[in-house]
Amino acid sequence: MTRPTDAEFEELKRKRDSAISKGVAEICEKHGWDQTKVGVHVPGAGDCYCACPDGPCQHLWNGPDYIEEGMVSVTCSRCKTPAIYHDMRCAP
Ligand SMILES: [Zn+2]
Ligand SMILES: [Zn+2]
């Protein structure tokens, strides 16, 4: 799979974010909540686009090493996510 360009990733993020807001609006309607008062945090907004394990994935694993409790992992130079957390999140 070829890596999408940054512009394509931005488009993917926009689609994801609008899908999330749409989902929130539907939930609020269902429960009769005022969406402006729910204050939903959109997870991952502003970070790299990541739809692993099937990709596409915008992380660039060429950041500085991440060291914690004896574990060493690389980090994403874009969003600083350690690869080890990414792998955990994306594990089957
Ligand atoms: Zn990913
Ligand atoms: Zn990243």
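These numbers come from a predicted model, not from an experiment.

Calculation notes
- Residues numbered from 1 in each chain as written.
- Chains lettered and ligands numbered in written order.
- Predicted model: local features only at pLDDT ≥ 70, side-chain atom pairs only at ≥ 80, totals over all residues.
- Helix = DSSP H or I, 4+ residues; strand = E, 2+ residues; numbered from the N terminus.
- Buried ≥ 20, exposed ≤ 12 C-beta atoms within 10 Å, placed from the backbone.
- Contact = placed C-beta atoms within 7 Å.
- Expected span 1.5 Å × (residues − 1).

## A closer look at the overall build of the protein
So, point 1. When helices and strands are tallied, the protein shows 3 helices and 2 strands.
So, point 2. A burial count over the protein gives 11% of its 92 residues as buried.
So, point 3. Taking contacts inside the protein between residues at least 6 apart in sequence as the whole, the part at least 24 apart equals 28%.

## Points about unusual backbone geometry
So, point 1. Phi is positive for Glu69, close to 45 degrees, though the residue is something other than glycine.
So, point 2. Relative to the assigned elements, Glu69 resides in the loop between strand S1 (66–68) and strand S2 (71–73).
So, point 3. The backbone phi angle of Lys80 is positive, close to 70 degrees, even though this residue is not glycine.
So, point 4. Among the structural elements, Lys80 can be located in the loop between S2 and helix H3 (83–90).
So, point 5. Using a count of 12 C-beta atoms within 10 Å as the deciding quantity, one classes Lys80 as exposed.

## Observations regarding helix H1 (residues 6–31)
Each α-helix winds once per 3.6 residues, and so residues spaced three or four apart point in a common direction.
So, point 1. With 26 residues, H1 ought to run about 38 Å at 1.5 Å a step, and its terminal C-alpha atoms sit 37 Å apart, in line with that.
So, point 2. Looking one or two residues beyond H1, the residue adopting positive phi is Gly32, at roughly 70 degrees.

## Quick word on the environment of Ser21
So, point 1. Mapped onto the fold, Ser21 is located in helix H1.
So, point 2. Expressed as a C-alpha distance, the spacing of Ser21 and Gln35, which sit 14 residues apart in the sequence, is 9.8 Å.

## A closer look at the environment of Pro53
So, point 1. Tracing the backbone through its elements, the reader meets Pro53 in the loop between helix H2 (35–38) and S1.
So, point 2. Taking the C-beta count within 10 Å as the criterion, Pro53 has 10 such neighbours and is therefore assigned exposed.
So, point 3. Along the sequence, Pro53 and Asp87 sit 34 residues apart, while their C-alpha atoms lie 8.9 Å from each other.

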